[in-house]
Amino acid sequence: MKMIKQLPLIILIAIFLISCKRSTNKEYPINNLKKNIEENPNLEEKRMEIKFSCGEDGISEYLNDGWKILKEDSQEKICTWKSVPATKDCNMEKDKGCKITQPDKIGEEKIYLLEK
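Residues numbered from 1 in each chain as written. Predicted model: local features only at pLDDT ≥ 70, side-chain atom pairs only at ≥ 80, totals over all residues. Heavy atoms only, no water.

A. Highlighting the overall build of the protein. Of regular secondary structure, the protein possesses three helices and three strands. Helices and strands appear in the protein in the N-to-C order α-α-β-α-β-β. Taking all 116 residues of the protein together, the buried fraction comes to 12%. Restricting to contacts in the protein with at least 6 residues of sequence separation, those with at least 24 account for 67%. (Helix = DSSP H or I, 4+ residues; strand = E, 2+ residues; numbered from the N terminus. Buried < 20%, exposed > 50% of the residue type's maximum accessible area, 1.4 Å probe, protein only. Contact = heavy atoms within 4.5 Å.)

B. Fine view of the packing of aromatic side chains. Tallying each qualifying case throughout the model produces one aromatic pair. Summarising the aromatic geometry, the rings of Phe-52 and Tyr-112 are spaced 6.1 Å apart at their centres and angled 65° between planes, so their arrangement reads as edge-to-face. With Phe-52 in strand E1 (residues 47–53) and Tyr-112 in strand E3 (residues 99–115), the pair connects residues that are 60 residues apart, well separated along the chain. Given a relative accessible area of 13%, Phe-52 falls into the buried group. Under the relative-accessibility criterion, Tyr-112 is labelled buried at 4%. (Phe/Tyr/Trp six-rings, centres within 6.5 Å; stacked < 30°, edge-to-face > 60°.)

C. Local environment of the nonpolar core. Membership of the largest hydrophobic core is limited to six residues, which are Ile-50, Phe-52, Ile-59, Trp-67, Tyr-112 and Leu-114. Among the elements of the structure, E1 and E3 are those that each provide at least two residues to this core. Setting aside its immediate chain neighbours within four residues, Ile-59 contacts Ile-50, Phe-52, Ile-69, Tyr-112 and Leu-114. (Core = buried A, V, L, I, M, F, W, Y, C linked by side-chain atoms within 4.5 Å.)

D. Layout of the state of the cysteines. In the structure shown here, the tally under the stated rule is two disulfides. Shown here is the disulfide that connects Cys-54 with Cys-79, its sulfur atoms set 1.9 Å apart. Handedness here is read from the sign of the S-S torsion; for Cys-54 and Cys-79, about -105°, the answer is left-handed. Of this pair, Cys-54 sits in the loop between E1 and helix H3 (59–64) while Cys-79 sits in strand E2 (residues 68–85), and the two are 25 residues apart along the sequence. Here Cys-90 connects covalently by a disulfide to Cys-98, the sulfurs 1.5 Å from one another. (Disulfide = S-S within 2.5 Å.)

E. View of the pattern of salt bridges. Summed over all chains, the structure comprises three salt bridges. Of the charged contacts in the structure, one is a salt bridge between Glu-115 and Arg-47, with a shortest N-O distance of 3.4 Å. With a gap of 68 residues between them, Glu-115 in strand E3 and Arg-47 in strand E1 connect regions that are remote in the sequence. Residue Glu-109 pairs with Lys-77 through a salt bridge whose shortest N-O separation is 3.9 Å. Taken together, the positions of Glu-109 in strand E3 and Lys-77 in strand E2 put the pair 32 residues apart, joining distant regions of the chain. (Salt bridge = Lys/Arg side-chain N within 4 Å of Asp/Glu carboxyl O.)

F. Examining the environment of Gly-97 more closely. Among the structural elements, Gly-97 can be located in the loop between E2 and E3. Using a relative accessible area of 69% as the deciding quantity, one classes Gly-97 as exposed.

This is the structure:
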């Protein structure tokens, strides 16, 4: 009687052991794939997008490092902001609600798409 009650438990343990054994046999294709990637490391080209704005320019560092410019784009960008009173009688120190923020300096943002 005890053997009959333990039979489902024995079957369940056997199923787990069989399934674990099968999953370890699947490691060969993964190792083979890693070997192919290591043999050809330069198959994938590296790409990066960088942005320089408001007069800064550090693209020469990347060009000296071996990067090539694929695409260059520029657009207008606000560099700094300033606060001004909304009306003539507005005291910005006492009444914060009458303060308006406006663009102060407008510059250019350059966007580079680089490839190595």
